[in-house]
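Structural description and commentary
In case you want the letters, here they are:
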Amino acid sequence: MTDEFTTEIYYDDDADVSTLDDETVAVLGYGSQGHAHALNLHESGVDVIVGLREGSASRDAAEADGLTVATPAEAVKQAGYISVLVPDTVQASVYENAIEPNLEAGDTLQFAHGLNIHYGQIEPPEDVDVSMVAPKSPGHLVRRNYENDEGTPGLLAVYQDTTGDAEKRALAYAKAIGCTRAGVIETNFQEEVESDLFGEQAVLCGGVTSLVKHGYETLVDAGYSPEIAYFECLNELKLIVDLMYEGGHAEMWDSVSDTAEYGGLSRGDRIVDEHVRENMEETLEEIQNGEFTREWILENQAGRPSYTQLRQAEKNHEIEEVGARLRDLFAWAEEDSPEEEDDSVRVQADD
Ligand SMILES: NC(=O)C1=CN([C@@H]2O[C@H](COP(=O)(O)OP(=O)(O)OC[C@H]3O[C@@H](n4cnc5c(N)ncnc54)[C@H](OP(=O)(O)O)[C@@H]3O)[C@@H](O)[C@H]2O)C=CC1
Ligand SMILES: CC[C@](O)(C(C)=O)C(=O)O
Ligand SMILES: [Mg+2]
Ligand SMILES: [Mg+2]
């Protein structure tokens, strides 16, 4: 633990996996996060049971990985620690049908993202602990980092502490999946949910893909070759972000040419300008006032019409086709692709 920051940060020495020695952990779902948590917990010596629905497409993968599989209801019955790692959009119904009827006083209900608790879609009884261990990473890398003896940063929050041990138990879980190797930041459900939704919409997933597409289209529309536009706006982005990841903006500016540094510093804010900042603030407000989550719930209730259209448009964008052809030609993509490393892992039921 350190007192140099505005919040507590926990490391391996602050956590003890043996806290979970007499416990069975039910991991519900075997997707991106589910497979990583279940396997990391198992290899850290924790007794794990994976909860999957009847006929689940994930069942073969979990069993081939040497894990015990049961229905979600059966897994919850057998466990005192329930990790809810099915998609956010189905958590409320899985809770209602499989978790709630089988919860016992003193159990722990744990999430990797607090959306359903924060926006009131799940209201657990008062006699269980409710906590969160939220890796700040895609699940495939939670697994890859663990296998490479590396850590994945994460957030930890306790929403409800009935036993008095909620924090200690969540820390043990965080250690078992490899998060305390890198550092686990103490937070609350509201901060995790709102910052996570903002990050993925405005910067990490939405913002960056939009920036890449606009850059690509600008070059191609001006007559430059699609292959060069792909390398310039997408492929090299990883290499640039790797430098930022290792040493902040400074390491990246240091490594690129003075020409790139001057051009970037003098033109960057013209591209991502005050207008973009206003859009970011509006996006954050929609998250804070619940508008985004209401929209997302209704979108799911309606059978995902807009989501399906948006996905299709993204798939059909020329950069995807050009990129797929280029990645097939070059060897570098194979090394990095999570699918290549672990093709047992699938994404979501309706993907
Ligand atoms: N993806 C990520 O990297 C991150 C996710 N999170 C959070 O982790 C949680 C899990 O997300 P993620 O890993 O993306 O989830 P996934 O979409 O990868 O989960 C898929 C798994 O859930 C199962 N599942 C899907 N629908 C149902 C259902 N109706 N009933 C029972 N099981 C079902 C699937 O089983 P089947 O084979 O039967 O379809 C599959 O095993 C979420 O709260 C998310 O916000 C947090 C940080 C990062
Ligand atoms: C950035 C997207 C994410 O929040 C994540 C991998 O952390 C998610 O919800 O998948
Ligand atoms: Mg998220
Ligand atoms: Mg996230």
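What you see is a predicted model, and the numbers here were worked out from it, not measured in a lab. (Residues numbered from 1 in each chain as written. Chains lettered and ligands numbered in written order. Predicted model: local features only at pLDDT ≥ 70, side-chain atom pairs only at ≥ 80, totals over all residues.)

A count of helices and strands for the chain gives 18 helices and nine strands. A globule of 351 residues ought to have a C-alpha radius of gyration of about 20 Å, and the chain, at 22 Å, matches this closely. Seen through its principal axes, the chain has C-alpha atoms that stretch 65 × 45 × 40 Å. Split into buried and exposed, the 351 residues of the chain put 32% on the buried side. (Helix = DSSP H or I, 4+ residues; strand = E, 2+ residues; numbered from the N terminus. Rg over C-alpha atoms; globule rule 2.2 N^0.38 Å. Buried ≥ 20, exposed ≤ 12 C-beta atoms within 10 Å, placed from the backbone.)

Taken together, Lys 136, Pro 138, Asp 196, Glu 200, Leu 204 and Cys 205 form the complete shell of residues around ligand 2. For the shell around ligand 2, the per-class residue count stands at three nonpolar, no polar and three charged. (Near = placed C-beta within 6 Å. Nonpolar A, V, L, I, M, F, W, Y, C, P; charged D, E, K, R; others polar.)

The next thing to look at is the UniProt feature "active site" (unreviewed entry) in the chain. Feature annotation in UniProt places "active site" (unreviewed entry) on His 113, given in this structure's numbering. Residue position: His 113 is located in the loop between β6 (108–111) and α5 (115–118). Other than its neighbours up to four places away in sequence, His 113 contacts Asp 88, Ala 134, Val 193 and Asp 196. (UniProt positions renumbered as here; feature names shortened; annotations may be inferred. Contact = placed C-beta atoms within 7 Å.)

Right, let's get into the domain arrangement of the chain. By a widespread convention, an interface's size corresponds to the accessible area lost as its parts come together. Each domain of the chain was delimited in the assignment, giving domain 1 (9–187) and domain 2 (205–272 + 304–341). Between the C-alpha centres of domain 1 and domain 2 the distance comes to 33 Å. (Domains from an automatic or database assignment.)

On to the pairing of strand β2 (residues 24–28). Buried residues dominate β2, accounting for four of its five residues. Pairing between β2 and strand β3 (residues 47–51): five bridges, direction parallel. By the bridge assignment for β3, Val 25 is matched with Val 48. With helix α1 (residues 32–43) bridging β2 and the parallel β3, this β-α-β connection has right-handed handedness. Pairing geometry for β2 and strand β5 (residues 81–84), over four bridges, is parallel. If you follow Val 25 over to β5, its bridge partner there is Tyr 81. (Pairing = 2+ DSSP bridges. Right-handed = clockwise from strand over helix to strand, strands pointing away.)

So, about the nonpolar core. Of all hydrophobic cores here, the largest spans 64 residues; its most connected members are Val 50, Leu 156 and Ala 174. The dominant element in this core, judged by the number of residues it contributes, is helix α7 (residues 166–176), at seven residues. Excluding its chain neighbours within four sequence positions, the residues that come into contact with Ala 174 are Ala 15, Val 133, Gly 154, Leu 156, Cys 179, Thr 180 and Val 184. Of all hydrophobic cores here, the second largest spans six residues; its members include Tyr 216, Cys 233, Leu 234 and Ile 319. (Core = buried A, V, L, I, M, F, W, Y, C linked by C-beta atoms within 7 Å.)

A few words on unusual backbone geometry. The phi torsion at Asp 149 lies on the positive side, around 60°, for a residue other than glycine. For Asp 149, a count of 8 C-beta atoms within 10 Å puts it in the exposed group. Within the chain, Arg 304 stands out as a residue other than glycine whose phi angle is a positive 65°. Structurally, Arg 304 can be placed in the loop between α14 (291–301) and α15 (305–316).

Turning to the environment of Leu 197, a few remarks are in order. For Leu 197, the position within the fold is in helix α9 (residues 189–204). Put simply, Leu 197 and Thr 259 are 62 residues apart on the chain and 35 Å apart in space, counted from C-alpha to C-alpha. Leave out the neighbours within four places in its chain, and Leu 197 touches Ile 287 and Phe 292.

What follows covers the sheet that holds strand β7 (residues 129–135). The mixed open sheet is built from nine strands, whose spatial order is β1-β9-β8-β7-β6-β5-β2-β3-β4. This sheet does not close on itself; its edge strands, each paired only once, are β1 (9–10) and β4 (68–70).

The next subject is the packing of α1 against helix α6 (residues 139–147). Contact geometry for α1 and α6: axes closest at 7 Å, N-to-C directions at 25°. Regarding the angle of α1 to α6, the classification is roughly parallel. Across the interface between the two elements, Ser 32, Gln 33, His 35, Ala 36, Leu 39 and Asn 40 from α1 touch Gly 139, His 140, Val 142, Arg 143 and Tyr 146 from α6. The residue makeup of the contact of α1 with α6, split by class, is four nonpolar, six polar and one charged. (Axes fitted to C-alpha atoms, helices over the stretch in contact; angles between N-to-C directions. Parallel < 35°, antiparallel > 145°, perpendicular 65-115°, else oblique.)

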